Amino acid sequence: MPSSKSRDSRRMRAAPKSDLGRAEQLPKAPSGIQGLDEITGGGLPRGRPTLVCGGAGCGKTLFALEFLVRGITEYGEPGVFMAFEETAEELSSNVRSLGFDLHKLEAQKKLAIDYVRVERSEIEETGEYDLEGLFVRLQLAIETVGAKRVVLDTIESLFAGLPNPLVLRSELRRLFRWLKDRGMTVVLTGEKGEGTLTRQGLEEYVSDCVIFLDHRVNEQHSTRRMRVVKYRGSVHGTNEYPFLIDETGISILPVTSLGLAHKAPMERISSGVARLDQMLGGKGYFKGSTILTSGTAGTGKTSLAALLAEAACGRGERCLFFAFEESTEQVLRNMRSIGIRLDRFIKSGLLRVMPSRPTAYGLETHLVSMHKAILAFAPDLVVVDPITNLISVGTGPETQSMMTRLIDFLKMRGTTTFFTSLTSGSGDLEQSEVGISSLIDTWLLLQVVRSGGERNRTLAIIKSRGMRHSNQVSEYKLSEAGFEIVDTYLGAAEVLTGSARLAREAEDAAAAQAASDEIARKEQERERRRRALERQVEELREKFATEDAALAHEIELAVRRSGQLSSSQMAMAQSREAFTPNHADGAKTKKGRRR
């Protein structure tokens, strides 16, 4: 009959790659440790042993205790903690600062802590060494609280008197089988050996799940990391994941990169600067996009970030501001000088400023703490000012990797992100110091232009994905009125700024006034000529009228004289009965009538 392991393997192979998580049938016990269940696909294997190993100070005992406490408080699964190095009182004192009240859980019969003192000098190997005494104590503790979870801390102390690897392996298998038969979800802690995950080098082979914790120091910065070495019967994350131990316990950053499955909203939000919105297609940034503002010192990068934060809070959105250079009070004071009052939004709870020195922690610790703060505050906008300061605690590739993970995490949440980046004046300004420009949706470049003995600021949009945007380099001013993008003056070969722009504008104004005066003069000349011509036309009309009237009178007199002459001729012809051209036919007519 095939084993359950082989059956699980066949199911996993038969399932499509995209459905591996849904096809997984292995029962799991959620740990309650932030981020761990995402890495393991639901938690630790239920009813099976898990080995948590690592060097001193990496958090093994805390990991195991939190697994028990979260199981009790969040999932209703009582537990047993069998300690071989620390007493119940010592354990309780160690985790009290994390909010874990072990005495209260013991009083409620939900937790049993049993300290077993093991001294190697008191153990004599006889060849028949077994764990019957341990099994009796474990059985009693399990039955007392009805336990579902068991922790053994640490396994080396239990087997300190067994130098024979064959006997040790046999007893380990026997211990694990005893726990499996009772359906216990077990966490065992082990100390790192030389070249092996544990001192004995055997526990990792007989455990169903092995988790390795590491506490490393690189250039005086410490970082804790976790890796799932193996997980029988289940897919799991295989990378190293940074984790943080703070006042709430363990927090693990669950992903190296969340991939490219995030949505792309069409909604637009204001940058807080009206003219910048116009340069960005008239509507501002895309909501949920990632914005980078880079520039040398003193160009106003933080001011643009504060303006965006003010606009977001003004819409009732929440903003989380990570400040790596200035304290909260310093940020508020400096922004008041340009008319931005952020203190009112801090009081209303819409804005939270989290200042810290980059050198205070390692890169991974910064990433985990930022990840945790974002989950707790659930902001609509995240500002990181500046990201370049993180290079001081890591190499360029490490910082780039961290920022990539942060960008992916925020994009998956649909959170608008605003980064500032300090660039050196000697380098290529159109290249980010951290090397994340290809991941950025909108990139603004702020520059200082030196000319005529003065420094002036300009803004340009290097890129803005998914929207039309201005390609014009624009001058801007920072004053009590805020961030003002001034009218652009284009010279013959460059954009003029500052005094050069004002001088050229004055020249243009004078030239425009001269041209206006010339136009007015010509208009006046035109009007004068028009009036003179109209007068000439009027005079000609009057002269024409006079001459026309005289001619008409003469014509009338001539007509009258002609009529009078014709009448006289007719009368004379009639009196003489003479033939005239007008009366020849008339005479014939008269003769005809006589006939």
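Computed from a predicted structure; not experimentally measured.

S.K.: I'm lost on the side chain of S474 in this one. Help?
M.R.: Examined against the element boundaries, S474 turns out to sit in strand β21 (residues 474-479). Here S474 falls in the buried class, since its relative accessible area comes to 5%. What S474 contacts, discounting residues up to four positions off in sequence, is M279, R457, T458, L459, I485 and T488.

S.K.: How should I be thinking about helix α7 (residues 132-145) in this particular structure?
M.R.: Residues spaced three or four apart along an α-helix face the same direction, because each turn holds 3.6 residues. Over its 14 residues, α7 extends 21 Å from the first C-alpha to the last, a length consistent with the 20 Å expected when each residue adds 1.5 Å. Among the residues of α7, those classed as buried are L134, F135, L138, A141, I142 and V145. Along α7, the residues classed as buried sweep out an arc of 135° about the axis, all on the same side. The outward face of α7, more than 90 degrees from its buried face, is lined by the exposed residues V136, L140 and E143. G146 sits one or two residues past α7 and shows a positive phi near 65°.

S.K.: Even after reading the chapter, I still don't get the sheet that holds strand β15 (residues 319-323), so can you show me in this structure?
M.R.: Within a sheet, adjacent strands bond to each other through the backbone by hydrogen bonds, running parallel or antiparallel. Ordered by their spatial adjacency, 9 strands build an open sheet running β16-β15-β17-β18-β14-β19-β20-β21-β22, and the pairing between neighbours is mixed. Sheet topology places β16 (351-355) and β22 (482-485) at the edges, where each strand pairs with a single neighbour. Shown here is a sheet whose adjacent strand axes are inclined to one another by a mean of 20°, direction ignored.

S.K.: Looking at this model, I keep getting lost on the confidence of the model for the protein chain. Mind explaining?
M.R.: Any residue range with low pLDDT should be treated as having predicted coordinates unsuitable for detailed reading. Residue-level pLDDT values for the protein chain average 82, and 82% of them are 70 or greater. Mean pLDDT values over the elements of the protein chain span from 37, in helix α1 (residues 4-14), up to 96, in β15.

S.K.: Sorry if this is basic, but what is going on with the pairing of strand β18 (residues 416-422) here?
M.R.: On any regular strand, side chains alternate: one points to one face of the sheet, the next to the other face. Of all the 7 residues making up β18, 6 are buried; the element is thus mostly covered by neighbouring parts of the structure. Examined bridge by bridge, strand β14 (residues 290-295) and β18 share 6 bridges and lie parallel to one another. Residue I291 lies in a different strand from β18, and its bridge partner there is F418. Sheet analysis places strand β17 (residues 381-385) next to β18, joined by 4 bridges and oriented parallel. Counterpart to V383 in the pairing with β18 is F418. As a crossover connection, the stretch from β17 through helix α16 (residues 396-412) into β18 is right-handed.

S.K.: Explanation requested: helix α4 (residues 60-75) in the structure shown.
M.R.: Taking 1.5 Å per residue as the helical rise, α4 with its 16 residues ought to reach 22 Å, and the 21 Å between its terminal C-alpha atoms agrees with that figure. With respect to burial, α4 is a largely interior element, 12 of its 16 residues being buried. Turning to α4, its buried residues number three or more, namely K60, L62, F63, A64, L65, E66, F67, L68, V69, R70, G71 and I72. Immediately downstream of α4, the backbone of G76 shows phi near 65°, a positive value.

S.K.: Help me out: how do you make sense of the pattern of salt bridges in this one?
M.R.: Any two side chains of opposite charge can pair, on the condition that their charged atoms come close. Inspection of the entire model under this criterion finds 29 salt bridges. Among the ionic pairs, E525 bridges to R528, the shortest N-O distance being 2.4 Å. Of the two residues, E525 and R528 are both situated in helix α17 (residues 498-576); the distance of 3 residues between them amounts to about one turn of the helix. A salt bridge links E534 to R530, with the nearest nitrogen and oxygen atoms 2.4 Å apart. Within this pair, E534 and its partner R530 are both found in helix α17, separated by 4 residues, close to a single helical turn.

S.K.: I tried to follow the packing of aromatic side chains on my own but got confused; where do I start?
M.R.: Centre distance and the angle of the planes are the two values used to describe a pair of aromatic rings. In the structure shown here, the tally under the stated rule is 2 aromatic pairs. We note K28 situated over the ring of Y231; from NZ or CZ to the ring centre the distance is 4.8 Å. Sitting over the face of the ring of F377, R318 holds its NZ or CZ atom 4.0 Å from the ring centroid.

Analysis parameters
- Each chain has its residues counted from 1, following the order in which its sequence is written.
- With the structure being a predicted model, the display of local features is reserved for residues of pLDDT at least 70 and the display and counting of side-chain atom pairs for 80 or more, all residues being used for whole-chain, interface and lining totals.
- Remark: hydrogens and water are excluded; side-chain values derive from all non-hydrogen atoms of the structure.
- The secondary structure listing takes helices from DSSP runs of H or I that are at least 4 residues long and strands from runs of E that are at least 2 residues long, numbered from the N terminus.
- The classification of residues rests on relative accessible area computed with a 1.4 Å probe and restricted to protein chains. Under 20% of the type maximum is buried, over 50% is exposed, and intermediate values are partly exposed.
- We call two residues contacting when some pair of their heavy atoms lies within 4.5 Å.
- A helix is expected to reach a length of 1.5 Å times the quantity of its residues less one.
- Summarising the geometry, the arc corresponds to the directions from the helix axis toward the C-beta atoms.
- Here, a strand pair is defined by DSSP locating no fewer than two bridges between the strands.
- Angular values range over 0 to 180 degrees, each being the angle between N-to-C directions of two axes fitted as lines to C-alpha atoms, with helices fitted over their stretch in contact.
- The pLDDT value expresses, per residue, how confident the predictor is, ranging between 0 and 100.
- Crossovers are described as right-handed under a simple rule: with the strands pointing away from the observer, the path leading from the first strand over the helix to the second runs clockwise.
- When a carboxyl oxygen of Asp or Glu lies within 4 Å of a side-chain nitrogen of Lys or Arg, that pair is called a salt bridge.
- Here the aromatic set is Phe, Tyr and Trp, taking the six-membered ring for Trp, and pairing holds for ring centres within 6.5 Å; pairs whose planes are under 30 degrees apart are stacked, those over 60 apart are edge-to-face, and all others are tilted.
- By the criterion adopted, a ring carries a charge over it if an Arg CZ or a Lys NZ lies within 6 Å of its centre and within 35 degrees of its normal.

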